[in-house]
Amino acid sequence: MAMSTGGNSGGPMSEINVTPLVDVMLVLLIIFMITAPLMSHKVQVVLPIANPHKEDHEPIEPIDLAVKQDGSLFLSDSPVSETELKSQFAIAASKSPQPELQIRADKDTPYKVVRQILGDAKDQGMVHVGFITTGKD
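Residues numbered from 1 in each chain as written. Predicted model: local features only at pLDDT ≥ 70, side-chain atom pairs only at ≥ 80, totals over all residues. Heavy atoms only, no water.

A few points about helix α3 (residues 111-124)
Thought 1: In this model α3 runs 20 Å from its N-terminal to its C-terminal C-alpha over 14 residues, within 8% of the 20 Å that 1.5 Å per residue would give.
Thought 2: For α3, every residue scored as buried is listed here: Val-113, Val-114, Ile-117, Asp-120 and Ala-121. The arc enclosing the buried residues of α3, seen along the axis, measures out at 120°, which places them on a common side. Of the exposed residues in α3, the ones pointing more than 90 degrees away from its buried face are Tyr-111, Lys-112, Arg-115, Lys-122 and Asp-123. (Helix = DSSP H or I, 4+ residues; strand = E, 2+ residues; numbered from the N terminus. Expected span 1.5 Å × (residues − 1). Buried < 20%, exposed > 50% of the residue type's maximum accessible area, 1.4 Å probe, protein only. Arc of directions from axis to C-beta.)

A closer look at the nonpolar core
Thought 1: One finds Leu-65, Phe-89, Leu-101, Ile-117 and Met-126 to be the most contacted residues of the largest nonpolar core, which totals 16 residues.
Thought 2: When contributions to this core are tallied by element, the ones reaching two or more residues are β1 (63-67), β2 (73-75), α2 (82-94), β4 (101-105) and α3. (Core = buried A, V, L, I, M, F, W, Y, C linked by side-chain atoms within 4.5 Å.)

Here we look at unusual backbone geometry
As a rule of thumb, non-glycine residues mostly have phi less than zero, and peptide bonds are mostly trans rather than cis.
Thought 1: A cis amide bond links Ser-96 with the next residue in sequence, Pro-97, at an omega value of -5°.
Thought 2: For Pro-97, the location among the structural elements is in the loop between α2 and β4.
Thought 3: Look at Ser-76: it is not a glycine, yet its phi comes out positive at around 55°.
Thought 4: Along the chain, Ser-76 falls in the loop between β2 and β3 (78-80).
Thought 5: Assessed through its relative accessible area of 49%, Ser-76 is described here as partly exposed.
Thought 6: The phi angle at Asp-77 is positive, at roughly 65°, despite the residue not being glycine.
Thought 7: As for its position among the elements, Asp-77 is in the loop between β2 and β3.
Thought 8: We classify Asp-77 as exposed; its relative accessible area is 60%.

Spelled out as structure tokens, the structure:
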């Protein structure tokens, strides 16, 4: 009995057929070659560089309003009446960008006084309002 040394002996194939893999890769290569020029834009524009840490303008000085326990008002440490305060609110509200109103009210100031100031600021167009407090009691 002679054993055949070549050909198919009926056992499992030990070689991988790479022809289908090569066919798929060639098709993908052709697709990428066709679509790559379409991804570039025809109109060239110089785009700005985004830098979130760069400030184009100088910081705006906030409006400092102190309210004493008796309801007296101090704008930037100067006594001011309620009508003068309203006119200052109107001037500040017209600025662009608008400065922030920072209210420092005494802890024993009645809430209705602070509420009245907030209402006046809102009526004049102020949108940025903050309260200054201390970290400890």
